[in-house]
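Per-entry structural report
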Amino acid sequence: MLRSARAIWRRLTRREQRAVAAAAGVVFLAASYLLIWQPMRAATARTNDELPRLQQQVLRARFHVAALSARALRAANAAPATAPSLAELRALAARAQIAPAAMQGDASEAGRMRIRLDAVGGDALISLLDIAQRERGWRVAEAHIARLDGPGRVRAEIVLTAAPQ
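Quick look at the structure, then. (Residues numbered from 1 in each chain as written. Predicted model: local features only at pLDDT ≥ 70, side-chain atom pairs only at ≥ 80, totals over all residues. Heavy atoms only, no water.)

Turning next to the overall build of the chain. The secondary structure content of the chain amounts to four helices and four strands. The helix and strand sequence of the chain, counted from the amino end, reads α-α-α-β-β-α-β-β. Taken over C-alpha atoms, the radius of gyration comes to 36 Å for the chain, far larger than the 15 Å a tight globule of 165 residues would show. Structurally, the chain occupies a C-alpha span of about 105 × 45 × 30 Å along its principal axes. Burial statistics for the chain: of 165 residues in total, 19% are counted as buried. Considering only contacts in the chain between residues 6 or more positions apart, those separated by 24 or more positions represent 58%. By element, 60% of the accessible surface of the chain is carried by carbon and sulfur atoms, the whole surface being about 12,200 Å². The positive charge centre, built from 25 side chains, and the negative charge centre, built from 13, are 22 Å apart in the chain. (Helix = DSSP H or I, 4+ residues; strand = E, 2+ residues; numbered from the N terminus. Rg over C-alpha atoms; globule rule 2.2 N^0.38 Å. Buried < 20%, exposed > 50% of the residue type's maximum accessible area, 1.4 Å probe, protein only. Contact = heavy atoms within 4.5 Å. Areas by Shrake-Rupley, 256 points an atom, 1.4 Å probe, with all protein chains shown as cover. Lys, Arg positive; Asp, Glu negative; His and termini not counted. Charge placed at Lys NZ, Arg CZ, Asp CG, Glu CD.)

What follows deals with the nonpolar core. Core analysis: the largest hydrophobic core is formed by 22 residues, its most contacted members being I98, L117, L125 and L128. Put simply, the parts of the chain that give this core at least two residues each are α3 (86-95), β2 (112-121), α4 (122-136) and β4 (153-162). No other element matches α4, which puts six residues into this core. The residues contacting L125, other than those within four sequence positions of it, are I98, L117, V120, I145, V154, A156 and I158. (Core = buried A, V, L, I, M, F, W, Y, C linked by side-chain atoms within 4.5 Å.)

Looking now at the environment of L29. Looking at where L29 falls in the secondary structure, it is placed in helix α2 (residues 14-77). By relative accessible area, which is 59% here, L29 ends up exposed. Put simply, L29 and I8 are 21 residues apart on the chain and 24 Å apart in space, counted from C-alpha to C-alpha.

What follows concerns the pattern of salt bridges. In the structure shown here, the tally under the stated rule is eight salt bridges. A salt bridge links D118 to R155; its shortest N-O distance comes to 3.4 Å. Separated by 37 residues along the polypeptide, D118 in strand β2 and R155 in strand β4 bring together distant segments of the chain. Assessed through its relative accessible area of 35%, D118 is described here as partly exposed. For R155, a relative accessible area of 42% puts it in the partly exposed group. D130 is the partner of R134 in a salt bridge, and the nearest nitrogen-oxygen pair spans 2.9 Å. Of this pair, R134 and D130 both sit in helix α4, four residues apart, roughly one helical turn. Taking the relative accessible area as the measure of exposure, R134 reaches 52% and is therefore exposed. D130 gets classed as partly exposed once you look at its relative accessible area, which sits at 36%. Where salt bridges share partners, they join E88, R95, E135 and R136 into one cluster. (Salt bridge = Lys/Arg side-chain N within 4 Å of Asp/Glu carboxyl O.)

Shown next, in the form of structure tokens:
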């Protein structure tokens, strides 16, 4: 095939060879533009469009890292968590919009408290557990939660324990 291409080239006049070379140059430039330059410009435009969003994600990640570091530092400097008591739990339950009568509890072992909550709102239960963990350092060791017929109502049996230091 290479020999036949050379033979065809030799048969062309000087003017035809220049025209074929010019046409080949134009084809090469068009192919370079379409296969290299256009995709590169499109990728650059996409990157420029994505850059602000990615910078926002980095800022949010840095904010969360700083918040977690501050929280860990506060936890490290906080006084050790005391064992949960029913009186303290009822006070926290009142802040979480749970009626004190809905909660029964008993100390099951050293440093552990088993509580039962009947017909409480699921969001109020989550709020109670969040307050207990953040402010008292109590953690959930066991939890059995059942959905009730009322909307958003649950029955829960939970064992709270003082967080290990």
